[in-house]
Amino acid sequence: VYSGMSVMVNCAAGYHGDINGRDPWLDMLVMVGNYKPVDFILPTLKIQLWYNPRTITCMSGSALKHGVPPTEG
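Residues numbered from 1 in each chain as written. Predicted model: local features only at pLDDT ≥ 70, side-chain atom pairs only at ≥ 80, totals over all residues. Heavy atoms only, no water.

Concerning the overall build of the protein chain
Then step 1. The secondary structure content of the protein chain amounts to 0 helices and 6 strands.
Then step 2. Ordered by position from N to C terminus, the α and β elements of the protein chain give β-β-β-β-β-β.
Then step 3. Taking 11 Å as the expected radius of gyration for a compact globule of 73 residues, we find that the protein chain reaches 12 Å, a close match to that expectation.
Then step 4. Taking the principal axes of its C-alpha atoms as reference, the protein chain extends roughly 35 × 25 × 15 Å.
Then step 5. Residue pairs in contact within the protein chain that sit at least 24 positions apart in sequence constitute 63% of those at least 6 positions apart.
Then step 6. Of the roughly 5,900 Å² that the protein chain leaves accessible, carbon and sulfur atoms contribute 59%.
Then step 7. One way to put it: in the protein chain the 5 positive side-chain charges average out to a point 3 Å from where the 5 negative ones average out. (Helix = DSSP H or I, 4+ residues; strand = E, 2+ residues; numbered from the N terminus. Rg over C-alpha atoms; globule rule 2.2 N^0.38 Å. Contact = heavy atoms within 4.5 Å. Areas by Shrake-Rupley, 256 points an atom, 1.4 Å probe, with all protein chains shown as cover. Lys, Arg positive; Asp, Glu negative; His and termini not counted. Charge placed at Lys NZ, Arg CZ, Asp CG, Glu CD.)

And the structure:
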């Protein structure tokens, strides 16, 4: 079993697929800090999810395009 970790700080991410992942692998995104709520967008599924501090999201980042708009905090 292999695992990895990366940290993104105050980062807006346009719609993208993760190029280093594989479709059956899951990414766990953990939101920490104190900032205004923002949407986590999955354009392929045409859904927006609340992406507030203390939120954990699991998904296949290589199978689903996703993105987060800029926020303050």
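After presenting the structure, the write-up continues.
Observations regarding the side chain of threonine 55
Then step 1. With respect to the helices and strands, the residue threonine 55 is situated in the loop between strand S4 (47-50) and strand S5 (56-59).
Then step 2. Exposure remark for threonine 55: the relative accessible area of 18% places this residue in the buried category.
Then step 3. The residues touching threonine 55, leaving out its near neighbours within four places in the chain, are Leu29, Val30, Met31 and Trp50. (Buried < 20%, exposed > 50% of the residue type's maximum accessible area, 1.4 Å probe, protein only.)

Thoughts on a nonpolar patch on the surface
Then step 1. A contiguous nonpolar patch, built from Met28, Val30, Val32 and Ile56 and spanning about 430 Å² of accessible area, is present on the exposed surface.
Then step 2. Note that valine 30 resides in strand S2 (residues 27-30). (Patch = residues over 30% accessible without salt bridge, like charges linked within 9 Å, V, L, I, M, F, W, Y side chains within 5 Å. Salt bridge = Lys/Arg side-chain N within 4 Å of Asp/Glu carboxyl O.)

Overview of unusual backbone geometry
Then step 1. Notably, lysine 46 is not glycine yet its phi reads approximately 60°, a positive angle.
Then step 2. Backbone geometry places arginine 54, a non-glycine residue, at a positive phi of 70°.

Thoughts on the pairing of S4
Then step 1. Pairing of strand S3 (residues 39-42) with S4 involves 4 bridges; the strand directions are antiparallel. Residue pairing for S4: leucine 42 is matched across the bridge by isoleucine 47.
Then step 2. Taking the residues that link successive antiparallel strands as the turn, the S3-S4 hairpin has 4 residues, and the phi of lysine 46 there is positive, at about 60°. (Pairing = 2+ DSSP bridges.)

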